[in-house]
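These are the residues of each chain, in order.
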Amino acid sequence: MGRVGPPERRRPPLVLAMDPSVELRNIVYRSDAGRLLFDRASVALYPGSRTLVCGQFASGKGAVVSFLAGFTPPQQGDVRLFGTDITAIDRSRLDRIRRRIGFVFEDSVLVSNLKVIENVALPLHYHTSLSYQESMRRALDLLVDSGYVGDVWALPGPLPLYSKKTVALARAIALKPDVVVFENQETGLTSEERNGLCETLVRYQKAGEGRLLVFTSGDCGDAALVEADRVVEIRDKSFVDPGVPEAAAINGGEDGRGG
Amino acid sequence: MEVARYLGHTMVVRTRALYDTWNILVYSLWTAAFRFWLGTRATLRVLVKQVYFTAFEALPLISWIALILGLIVVTQTLSILPRIGGGGLVGTVLVWTVVRELGPLFAAVIVTARSGTAIAAELGTMKMSRQLTALDAMGIDPMHYLVMPRVVGTAVSVLVLTFYFVAITILGGYLLAGYGESITFSVYMGSFLEEMGFLEVGVSLLKGLAFGLIIGSVCCYHGLMCSGSITRIPQETTRAVIGSLWAVFVADAAITFVFYI
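Residues numbered from 1 in each chain as written. Chains lettered and ligands numbered in written order. Predicted model: local features only at pLDDT ≥ 70, side-chain atom pairs only at ≥ 80, totals over all residues. Heavy atoms only, no water.

### Topic: the overall build of chain B
A tally of regular secondary structure across chain B gives nine helices and zero strands. In terms of overall dimensions, chain B has a C-alpha envelope of 65 × 55 × 30 Å along the principal axes. For chain B, buried positions account for 48% of its 261 residues. Across chain B, every contact between residues at least 6 apart in sequence was considered, and the portion connecting residues at least 24 apart equals 85%. As displayed, chain B has an accessible area near 12,700 Å², and 75% of this comes from carbon and sulfur atoms. Across chain B, the 16 positively charged side chains and the 13 negatively charged ones have centroids separated by 11 Å. (Helix = DSSP H or I, 4+ residues; strand = E, 2+ residues; numbered from the N terminus. Buried < 20%, exposed > 50% of the residue type's maximum accessible area, 1.4 Å probe, protein only. Contact = heavy atoms within 4.5 Å. Areas by Shrake-Rupley, 256 points an atom, 1.4 Å probe, with all protein chains shown as cover. Lys, Arg positive; Asp, Glu negative; His and termini not counted. Charge placed at Lys NZ, Arg CZ, Asp CG, Glu CD.)

The structure is reproduced here in structure tokens:
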């Protein structure tokens, strides 16, 4: 026998009940070349989610990564990380927030004069009070977990791209950040290699509570590969969120725009 | 009109470069004094490495040059002074030439050629390959982690190498050139030490410290100026050497003028 009463409302996803880890509000951004990439665009990314941010070439994915890293502020709008607008804070506060977000950049960008293991240990060395031995041991564990196969005392320059990415991934999660951003994860890797890295990240996410993974890609079809539970497409100078209509509605409600 | 515009533009560019270099120098000193606790162990490793590469690894080269210079100076001094009845002035000549001028200058020139180029090229490469932005993204200020240890490390190195260069020049000079001559070691050293005062030692080390700070700041500035094309790296490295040498000689003249005029 069915329940009697008002019809059950569709429950919004759990993520919407939380404060977003990452939020871009009413972003207006024009690139150095003068091209308008975002026009009052908003999006919120929630803890525990695996989000793919996708868009065509030069659609603004790199700009989003740049906003989140605090490299380039938008000309208008807020970039909120963990509730703090990072466009309005000083360098030392920004650096403290940056410890809670790890980046795997498209070109890995390892520190060229540090050995592989030193690259991974660097954030531990700089930001924690761990002893040298302990931070090196943790760096080694991270390298093994991320699938790095090779000499940990090698300089990173001559390493193949996949090895560099595994090192960059190990470095990105060394401080156990709440958010990990994996920029253009499809570039230069085979599908097996991408799978391996994505599995590492998914394992990392499941090992902690409320960890947000953000992937960027030129192909929205990568959602299955990265096991994304949400896809945010950059289209028409805005964020379009076909995967989670409720989120789009809420974001749209704030600024009158979809996504 | 074109000439005036060109001169004006050049002056603006040079003034701006000087201002930016000065900022690097002041920031490095300030951060070394008041922010060194930040990432101490990681930053200290960079500083120690810089001193190792700049000072310790330069010791063989510095030793050879100091020995050869000592041979030249002592040979010339002992060949001329006794003829004019000034045999006892050998120490004076050594202090005037080696301690006051050649020691700090040679140490600075060798460090510029050996390590200044490396600093500019390395920072330039790191900037071009976005390694500085990667450090930024990790919450590590590249000015604190990369630039400050290089500036301070270079200053410490030139200071130490100045002292070492002077010592090897004076001692080696006697062993190579003075040993077979009429002057005994005790007379040689006595003459030298008699002329040495607090001012000579202090100014010589002050010059070493100042030259090191200048070389570190100028080379870091040019390394950080690299952008756009990879061909900027050798261009900026060359500018770093020329800029360092120019600034070192100007500073030398200024310090000499202030203390000895």
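Read on, since the account is not over.
### So, the sheet that holds strand 2 (residues 36-45) of chain A
Residues and elements named next belong to chain A. Reading across from one edge, 2-1-4-5 is the order of the four strands in this open sheet, with antiparallel pairing throughout. The outermost strands of the open sheet, each flanked by one partner alone, are strand 2 and strand 5 (84-85). Note that strand 1 (residues 22-30) and strand 2 share seven bridges and pair antiparallel. Residue Val22 lies in a different strand from strand 2, and its bridge partner there is Leu45. Contacts from helix 1 (residues 61-69) reach strand 1, strand 2 and strand 4 (76-81), with the element oriented near 120 degrees to strand 1. (Pairing = 2+ DSSP bridges. Axes fitted to C-alpha atoms, helices over the stretch in contact; angles between N-to-C directions.)

### A short note on the nonpolar core
Residues A:Leu122, B:Leu94, B:Leu135, B:Tyr145, B:Ile170 and B:Tyr188 are the most contacted members of the largest nonpolar core, which totals 66 residues. Residue contributions to this core peak at 14 residues, all from helix 4 (residues 90-128) of chain B. In this view, A:Leu122 contacts A:Val111, A:Leu114, B:Ala42, B:Leu135, B:Met138, B:Ile140 and B:Tyr145; residues no more than four positions away in its chain are not counted. With 36 residues, the next largest nonpolar core counts A:Ile86, A:Leu94, A:Ile97 and A:Leu212 among its residues. (Core = buried A, V, L, I, M, F, W, Y, C linked by side-chain atoms within 4.5 Å.)

### Some points on the interface of chain A and chain B
The accessible area lost on association of the parts is a frequent measure of interface size. Taken together, the 28 residues of chain A in the interface contact 25 residues of chain B. Interface of chain A and chain B: buried area, both sides summed, is about 2,200 Å²; carbon and sulfur atoms make up 53% of it. Along the contact surface separating chain A from chain B lie six salt bridges. Linking B:Arg45 and A:Glu118 is a salt bridge whose minimum nitrogen-to-oxygen distance equals 3.8 Å. Summed over the shared surface of chain A and chain B, the number is 10 residue pairs in polar contact (both at pLDDT 80 or more). Elements with a minimum of two residues in the side of chain A that touches chain B: helix 2 (91-98), strand 6 (101-104) and helix 3 (116-127) of chain A. If one sorts the elements of the side of chain A that touches chain B by residue count, helix 3 of chain A sits on top with seven residues. (Buried area = accessible area lost by both parts, 1.4 Å probe. Salt bridge = Lys/Arg side-chain N within 4 Å of Asp/Glu carboxyl O. Polar contact = N/O pair within 3.5 Å; in protein donor to acceptor, adjacent residues only side chain to side chain.)

### Some remarks on the pattern of salt bridges
Within the structure shown, the criterion is met by 24 salt bridges over all chains. Put simply, A:Glu23 and A:Arg25 hold a salt bridge, and the shortest N to O gap is 3.3 Å. Looking at A:Glu23, the relative accessible area reads 9%, which means it is buried. We classify A:Arg25 as partly exposed; its relative accessible area is 31%. Across the salt bridge formed by A:Asp78 and A:Arg80, the nearest N and O atoms sit 3.7 Å from each other. A residue is classified by how much of its surface remains accessible, and A:Asp78, at 22% relative accessible area, is partly exposed. Within this structure, A:Arg91, A:Asp95, A:Arg98, B:Arg35, B:Asp136 and B:Asp141 form a network of salt bridges that share partners.

Spatial relationships are all this shows, so hold off on functional conclusions.
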